[in-house]
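# Results of the structural survey
If you want the building blocks of each chain, they are given just below.
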Amino acid sequence: MPIPSRAALVEHLVRTRIAGDVATPRDNNLSHYRKLANGDRHYWLGLELGDRWTDEQDVLAVMAERCGVNDDPAHRAGQDTIDPELTVDALDRAAARLRKAAAGRQRVLFATGHPGALLDVHSRTAAALRGAGCDIVRIPGGLIADEGYVVQFADVAVFERGASLWHTHSPEPMNAILDRLDVQPDLVFADHGWAGRAGQRGIDAIGYADCNDPALFIGEAEGTLQVTIPLDDHVVDPRFYEPMTQYLLDAAGLL
């Protein structure tokens with residue numbers, strides 16, 4: 001696949017609704033921002049936010065700045081947005097951290113709570129880093145969390161229950177991994193609670209996040225995460241993410 005220019009990638013993100021006018025409705029976004037502000041830990045994605053984010057308008061302000069949602073608090077329903085320029089800016093920041101990982105041949109752990117969408121994105125990134133000499137972390141066997149199992153598929157840690165890979169926001173699978181590793185990763189590249197908990201535990205973390213998952217953007221604003229990349233994290237065809245992955249790997253010098 002050819003490597004897209006920045007302008008071509010921005011156009012692709014908007015056309016495929018990875019960014020631009022995304023599928024996540026405004027009322028869903030605001031509901032999640034409110035629940036985070038009200039202390040619902042499910043929406044903290046493994047971070048410890050204390051009492052620093054109890055005003056949902058403060059959460060909205062961060063999301064407008066770092067994700068590109070509409071900043072008008074009176075906009076309560078209908079369409080919401082992700083700014084594709086912010087997506088590409090975040091990919092560039094992530095690429096810089098991947099270059100550092102490659103230069104130092106660091107230990108890197110990949111994980112996803114969105115296996116139906118982001119598994120191949122993470123797997124391709126892991127393969128590129130392995131090719132550059134990085135140590136891609138193999139997770140221990142027999143890990144249990146949230147009444148299921150933490151397993152690894154194509155170099156990416158995922159949550160399995162009932163012989164199926166599950167969508168999960170929980171930080172407990174990441175806890176299960178980190179608690180059993182003898183040597184901690186230098187970098188975690190993940191999403192949802194997997195990324196948030198890694199950052200909370202003091203590990204450099206990069207995370208993909210949708211516009212209804214504000215915690216990881218707050219984590220980057222506070223310096224707990226290295227980078228949060230805004231995107232719709234489950235578009236209709238996972239192949240739509242391929243140009244984005246190509247751009248990231250090229251920017252990181254891994255192609």
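Let me sum up the structure you'll find in this document. Everything numeric here is computed off the predicted structure, so don't read it as measured data.

### Describing the state of the cysteines
Per the stated rule, a full pass over the model turns up zero disulfides. Summary of cysteine pairing: C211 is not part of a disulfide, and the nearest cysteine sulfur, belonging to C67, is at 5.3 Å.

### Quick look at the packing of aromatic side chains
Counted by the stated rule, this structure contains three aromatic pairs. Relative to F189, the ring of F110 lies with its centre 5.9 Å away and its plane at 25°, an arrangement referred to as stacked. With F110 in strand 3 (residues 107-111) and F189 in strand 9 (residues 187-191), this pair connects stretches of sequence that are 79 residues apart. For F189, a relative accessible area of 0% translates into the label buried. With centroids separated by 5.3 Å and ring planes inclined at 25°, the aromatic side chains of F189 and Y208 adopt a geometry described as stacked. Within this pair, whereas F189 is found in strand 9, its partner Y208 is found in strand 10 (residues 204-209), the two being separated by 19 residues in sequence. According to the relative accessible area criterion, Y208 is buried, its value standing at 1%. An aromatic cluster of three or more residues is present, and its members are F110, F189 and Y208.

The rules behind each value
Residues numbered from 1 in each chain as written. Predicted model: local features only at pLDDT ≥ 70, side-chain atom pairs only at ≥ 80, totals over all residues. Heavy atoms only, no water. Disulfide = S-S within 2.5 Å. Phe/Tyr/Trp six-rings, centres within 6.5 Å; stacked < 30°, edge-to-face > 60°. Helix = DSSP H or I, 4+ residues; strand = E, 2+ residues; numbered from the N terminus. Buried < 20%, exposed > 50% of the residue type's maximum accessible area, 1.4 Å probe, protein only.

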